Amino acid sequence: MQYWIPKALAVSVLVSLSGCSVFVNDAHNERNYRAYEPVKAPASLSQPAQDPVYKMEVGQYNNNPDATNYRPPAQVLTVAKGSWVEEADNLARVYFDKNDGIVDLDDFIWDSINAVLAENNTATTKEDKLLGIIETDWYAIIKTEESWLWGDEKNDDLQRFRFSIEKKSHERTASLRAELIDFKGDTTLTDLLKQQLEVRALNQVITEFDYRYRQLEVDMRKRQGIISLEMGFDNKGNAALVTEQSYDAVFDRFSGFLERLSFTIVEINQDTGLITADYKAPESSMWDSIWGDDVAQLPIDEGQYQILVSKTKQGGTSLTWMDDKGETLEPGTMNGLQQALEAALIKRGIKI
């Protein structure tokens, strides 16, 4: 009883084919243009008077029934943070400002170009980092869409580009220009097509620059608050975790950080800086690892702990960990705790 399936598929294909002749683009057909002729009086009546001042000629439309594809010049997309273009610049060129976290702006742009070329499965034919020039091998920046039904019988046009990086003297801004240096294919290369290809090549690099800098921002956010979280000593000489951040900033946020690590806050003493919390090791499951919700397990036993937040003599803050009896944890335990807390901060991007 399944014989109808291939027949239904054949019918649907035929209907699709017939649709090509049913739905015709008649936007430029002559009958869509209406021109009004002057009023014609019957033979027995005289023609109405017409003031020649307001006389209008009958419109004539020499339209082409075949639709013509007009496209405007492509636009440089300044989607990356700190990117901009100069007004009335006719070149495919963009400017990048040196954002926070970028060590060398030229290298960052250079790496973005190479990443785009790798994505297009092409190589470079010339690289001069001193002059800031990269010339690419052949690749198709606009690819013909393949059809699962008919296949792809049209060859892609291929292009070669030159990317030029120019840094300002103050080294806080650099420009990137894309130039089409060679072209081959069946399409006629016009000035408009050349501009569109150059801008598209440039926009690919801008998009890659934006993606790489967003990743850099995530890494920077993940490392905020743990840069100075190191092993050290409190003012009494006990092993403690020490940070350069201020006492107020740490004390206000540290209890919230503990709650994310399976602690239950029992008491917070604002006067003494003492935080009392119960720790229960998290129960891990397969789903936690799949969805990324697994909570780090700390190298300490379950139970109640006291964390003393104190100002250091150097102006930073110390975190002294004690058990439920007020005994300071051993240095070995504190060292393992410090590594676990640092890993948790990096993974979740938490800022103390």
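Residues numbered from 1 in each chain as written. Predicted model: local features only at pLDDT ≥ 70, side-chain atom pairs only at ≥ 80, totals over all residues. Heavy atoms only, no water.

*Asks:* Sorry if this is basic, but what is going on with the pattern of salt bridges here?
*Replies:* Side chains that carry opposite charge are capable of pairing whenever their charged atoms lie near each other. In this structure the tally under the stated criterion is 12 salt bridges. Note that Asp89 is salt-bridged to Arg93, the shortest N-O span being 3.0 Å. According to the relative accessible area criterion, Asp89 is partly exposed, its value standing at 22%. Ionic pairing is found between Lys194 and Glu198, a salt bridge with its closest N-O pair at 2.8 Å. (Salt bridge = Lys/Arg side-chain N within 4 Å of Asp/Glu carboxyl O. Buried < 20%, exposed > 50% of the residue type's maximum accessible area, 1.4 Å probe, protein only.)

*Asks:* Would you explain unusual backbone geometry in this entry?
*Replies:* Glycine aside, residues mostly have negative phi, and peptide bonds are mostly found in the trans state. A positive phi angle, near 65°, is found at Ala88, a position not held by glycine. Examined against the element boundaries, Ala88 turns out to sit in the loop between strand S1 (83–84) and strand S2 (93–97). By relative accessible area, Ala88 is classed as exposed at 70%. Within the chain, Asn121 stands out as a residue other than glycine whose phi angle is a positive 55°. Positionally, Asn121 belongs in the loop between helix H2 (105–119) and strand S3 (124–128). (Helix = DSSP H or I, 4+ residues; strand = E, 2+ residues; numbered from the N terminus.)

*Asks:* What is the right way to look at the side chain of Gln338 in this model?
*Replies:* Relative to the helices and strands, Gln338 is located in helix H6 (residues 331–348). What makes Gln338 buried here is its relative accessible area of 9%. Apart from residues lying up to four places away in sequence, Gln338 is in contact with Leu229, Glu230, Met231 and Leu241. (Contact = heavy atoms within 4.5 Å.)

*Asks:* How should I be thinking about the sheet that holds S1 in this particular structure?
*Replies:* The strands making up a sheet are joined through hydrogen bonds of the backbone, oriented either antiparallel or parallel. What the 6 strands build is an open sheet, ordered S1-S2-S6-S5-S4-S3; its pairing is antiparallel. Each edge of the open sheet is held by one strand with a lone partner, namely S1 and S3. As paired strands, S1 and S2 are joined by 2 bridges and run antiparallel to one another. By the bridge assignment for S2, Trp84 is matched with Tyr95. (Pairing = 2+ DSSP bridges.)

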